[in-house]
Amino acid sequence: MKPPSRPGTVLLTDHAWPDDSVERAVVEEAGHTLVTGPAEPASAEAIEELVAEHRPDGILTCWAPVSATAIGASPRLRIVARLGVGLDNIAVDAATGRGVWVTNVPDYCVEEVSDHAVGMVLAWTRGLAVADREVRAGHWNPAGARLRRLSTLTCGVVGYGRIGRATVRKLGAFGCRILVHDPYPPKDAPGVEPVGLEELLRRSDVVILHVPLTPGTQHLIGAEQLALMPPGGLLVNVSRGGLVDTDAVIKALGNGHLDGAALDVLETEPHVPAGLSDQPGALLTPHIAFSSDASVTELRRRAAEEVVRILAGEAPAHACNTPRGLPAGPGDGR
Ligand code: NAD
């Protein structure tokens, strides 16, 4: 472990919220200086220039690219902390090679994303969005409602990680049957039945995706998989758009095989294909499942605390790498 360091400089490359108050409070409380870049993510070259100018000890980044050149531009750099989960905007290998920690905040929005998934299921079983649209359009027609009793349905959760487990816990309160598919199936989850993907699709009225997007999960759900689902079901995707073949979903909604598709993420986002928004069974939100006042504040505070921890010579809470020449951190390596 490194000894505590002198007051240092921390560069916040960009921020997806109105100000830098949370990050500034944490960084300055620890005696360091915060330099803040433009709110909108700048180009890789602009970030490289910012790093070369300020030579920060720590970098906090939301979406802006932190390239190998940027990482090499500050000899004092000890940590690049992601304000989020994914690391695709950070040259992690370059950081590792230079003895620089990379951290993330993997669990700041578990409650929000699982709430969003369960909310989408309830919106479908209770017809909330459809009924709201009809009432606003002047149709007060209770006899036309086609609603469902959730406790009689089977929900299949694909991906039993942090968020999948939270969704399963919350769905459990509604009394529905719960199937789970994960390459690492749960061993000690009472009330949860681990099954293969094909069996899950065949038996589930509701299919909820909580898996990461990787080359192996691209279009995990396409025409073939949707055809396995019982007619009249619901697909929920609050993970990544690329998991689902949108054209296949549009077709399945169009021919009635799928009754609903609740999607917080799209492979074409922010573009929404007209064929999708035209479908009455589509329930669409603009990649906001992670968001709440509490989750965003927690994210900002915890990412800034990682920087302070490293500059104090302490171990990170969520290491995503093992920097050359340093002992491994206690994080989960993602
Ligand atoms: P996690 O890593 O804790 O869990 C993912 C689980 O998926 C793991 O248990 C893994 O074994 C499993 N898995 C991997 N490949 C699989 C496959 N082919 N089939 C079935 N299971 C598979 O991740 P998490 O924190 O639960 O997050 C899940 C995903 O949610 C993230 O990867 C991210 O894409 C998405 N997410 C979305 C938002 C949003 O705002 N919409 C916010 C945060 C996370």
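Draft legend 1. Looking closely at the sheet that holds strand β3 (residues 58–61). If you walk across this open sheet you meet the five strands as β2-β1-β3-β4-β5, and the pairing is parallel. What marks the edges here is a single partner per strand, and that holds for β2 (33–36) and β5 (101–103). On average, each strand axis in the sheet is inclined to that of its neighbour by 20 degrees, with strand direction left out of account. Two strands pair when backbone bridges link them, and β3 and strand β4 (residues 79–82) are joined in this way by four bridges, in the parallel orientation.

Draft legend 2. Summary view of the pattern of salt bridges. Scanning the entire structure with this criterion turns up 19 salt bridges. Salt-bridge contacts for Arg302 lead to Glu298; the nearest nitrogen and oxygen are separated by 2.6 Å. Of this pair, Arg302 and Glu298 both sit in helix α12 (residues 293–311), four residues apart, which is roughly one turn of that helix. Glu298 gets classed as partly exposed once you look at its relative accessible area, which sits at 26%.

Draft legend 3. The domain arrangement of the chain, seen in detail. As assigned here, the chain comprises domain 1 (9–108 + 292–311) and domain 2 (110–284). The gap between the C-alpha centroids of domain 1 and domain 2 is 35 Å.

What counts and how
Residues numbered from 1 in each chain as written. Predicted model: local features only at pLDDT ≥ 70, side-chain atom pairs only at ≥ 80, totals over all residues. Heavy atoms only, no water. Pairing = 2+ DSSP bridges. Helix = DSSP H or I, 4+ residues; strand = E, 2+ residues; numbered from the N terminus. Axes fitted to C-alpha atoms, helices over the stretch in contact; angles between N-to-C directions. Salt bridge = Lys/Arg side-chain N within 4 Å of Asp/Glu carboxyl O. Buried < 20%, exposed > 50% of the residue type's maximum accessible area, 1.4 Å probe, protein only. Domains from an automatic or database assignment.

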